[in-house]
Amino acid sequence: MFKNKNYFAQLKTDIHSHLLPGLDDGVNTAEESLTVIKKLRSLGYSKIITSPHYRADLFPNTRAGIIEQYENIKNLIIENDIDVTFEVAAEYFIDEHFEELIKTPEELLTFGDGYILVETSFINEPIQLKNVLFQLNARGLKPILVHPERYQFFAIDKNKVHEINQMNVLWQINLMSITGYYGKVVQKMAEWMIEQGMVNFLGSDCHHLKHAEELQTLPQHKAFKKALKHNLLNSTL
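Every residue gets a number counted from 1 within its own chain, in the order that chain's sequence is written. In keeping with the predicted nature of the model, local features appear solely for residues at pLDDT of at least 70, side-chain atom pairs appear and are counted solely at 80 or more, and the whole-chain, interface and lining totals rest on all residues. Note that water and hydrogens are dropped before the side-chain values are worked out from all heavy atoms of the structure.

(A) Spatial organisation of the environment of Ala227. The helix count covers DSSP runs of H or I at least four residues long, the strand count covers runs of E at least two residues long, and both are numbered beginning at the N terminus. Looking at where Ala227 falls in the secondary structure, it is placed in helix 11 (residues 222-228). Between buried and exposed lies partly exposed: a residue is buried under 20% and exposed over 50% of the maximum accessible area for its type, with that area taken using a 1.4 Å probe on protein chains only. Since its relative accessible area comes to 0%, Ala227 is described here as buried. For Ala227 and Ile173, which are 54 residues apart along the polypeptide, the C-alpha to C-alpha distance reads 9.6 Å. By definition in these notes, contact holds between two residues if any of their heavy atoms fall within 4.5 Å. In this structure Ala227 touches Ile194, Leu202 and Leu232, once residues within four positions along its chain are discounted.

The structure is reproduced here in structure tokens:
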């Protein structure tokens, strides 16, 4: 039994995962989805907000398609008597397609009090970044920039982080970044952002069981415990 699950019970809610089969690069089957959900529950999470990719070029999902698959998994969770609250959002990729999408009246997949997950290329800052953040705020939404510690353009120029921080954006750091799962550069960037107080949410970004198991190593990392001392919003959802 995992002895430090109180840490995850303190977080309560995971806001970032890929647990709807067949929609993106996450789980492949409903069985795999349930296995990962059970693992996350055993770590102490009581709510999981899963967030399939919404990216026109790679994962051209639709709101209706995401909700249909979500309902399938939610019903299986109930049938298998898994004691966890399961909700759905999406991880929107910032590009010209998404920039146009937010100009339409289409309802976006949000959670909580208007929170919306957005991501960018890992290498280059998208030219649409600032405009998209502005437009989302103008719609009354609260953009959360996910795993910013993994973006090379932020690591190369940390002034960009401070600049974007002025745009009414929230930050979500991946838990596995803290463990060094993505490499030392990303780990150091995550630690720096925690030191700077630029962490509003922690997310698993869980794609499969190996990711869920990696979370078990977190209590040995000082940066994780330091992050928990921030005014995190996970537990408010």
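(B) Highlighting the packing of helix 2 (residues 30-43) against helix 3 (residues 63-79). Axis definition: a line fitted to C-alpha atoms, limited for helices to the stretch in contact. Angles are taken between N-to-C directions and run from 0 to 180 degrees. Running from N to C, helix 2 and helix 3 point in directions that differ by 60°, and their axes come no closer than 11 Å. Comparing the axis directions of helix 2 and helix 3 gives the class oblique. In this structure, helix 2 meets helix 3 at a crossing whose hand is right-handed. Residue-level contacts link Ala30, Ser33, Leu34 and Ile37 of helix 2 to Ile73, Leu76 and Ile77 of helix 3. By the convention adopted, Pro, Cys, Tyr, Trp, Phe, Met, Ile, Leu, Val and Ala count as nonpolar, Lys, Arg, Asp and Glu as charged, and the other residues, Gly among them, as polar. In terms of residue class, the contact of helix 2 with helix 3 is made up of 6 nonpolar, 1 polar and no charged. What sets the label is the angle itself: under 35 degrees gives roughly parallel, over 145 gives roughly antiparallel, 65 to 115 gives roughly perpendicular, and the rest give oblique. Each helix crossing is assigned a hand: it is left-handed if the near helix lies turned anticlockwise from the far helix by less than a right angle, otherwise right-handed if that turn is clockwise.

(C) Up close: the sheet that holds strand 7 (residues 142-146). If DSSP finds at least two bridges between two strands, the strands pair. As summarised here, the arrangement of the 6 strands in space is 3-5-6-7-8-9, forming an open sheet in which the pairing is parallel. Each having just a single partner strand, strand 3 (53-54) and strand 9 (201-203) make up the two edges of the open sheet. Strand direction decides the pairing type here: strand 7 and strand 8 (residues 170-174), joined by 3 bridges, are parallel. The residue of strand 8 that forms the bridge with Leu145 is Trp171.

(D) Highlighting the sheet that holds strand 2 (residues 47-50). The sheet built from 3 strands is open, its strands ordered 1-2-4 with parallel pairing. Sheet topology places strand 1 (13-14) and strand 4 (85-88) at the edges, where each strand pairs with a single neighbour. Note that strand 1 and strand 2 share 2 bridges and pair parallel. What sits directly across from Thr13, in strand 2, is Lys47.

(E) Looking closely at helix 9 (residues 184-195). The end-to-end C-alpha distance of helix 9, which contains 12 residues, comes to 16 Å, matching closely the 16 Å that a straight helix rising 1.5 Å per residue would cover. Turning to helix 9, its buried residues are Val186, Gln187, Met189, Ala190, Trp192, Met193 and Ile194. Once helix 9 ends, the next one or two residues include Gly197, with phi positive near 75°. Between the first and last residue of a helix there are one fewer steps than residues, each counted as 1.5 Å, and that sum is the expected span.

(F) Up close: the pairing of strand 8. Counting buried residues along strand 8, 5 of its 5 residues qualify, which places the element largely inside the surrounding structure. Both faces of strand 8 are covered, namely the face carrying Leu170, Gln172 and Asn174 and the face carrying Trp171 and Ile173.

(G) Molecular detail of the pairing of strand 2. Of the two faces of strand 2, the one carrying Lys47 and Ile49 and the one carrying Ile48 and Thr50 are both buried. Taken together, strand 1, helix 2 and strand 2 form a β-α-β motif whose crossover is right-handed. With 4 bridges connecting them, strand 2 and strand 4 associate as parallel partners. Residue pairing in the sheet places Lys47 in a bridge with Thr85 of strand 4. Handedness is read with the strands pointing away from the viewer; a crossover is right-handed when the path from the first strand over the helix to the second is clockwise.

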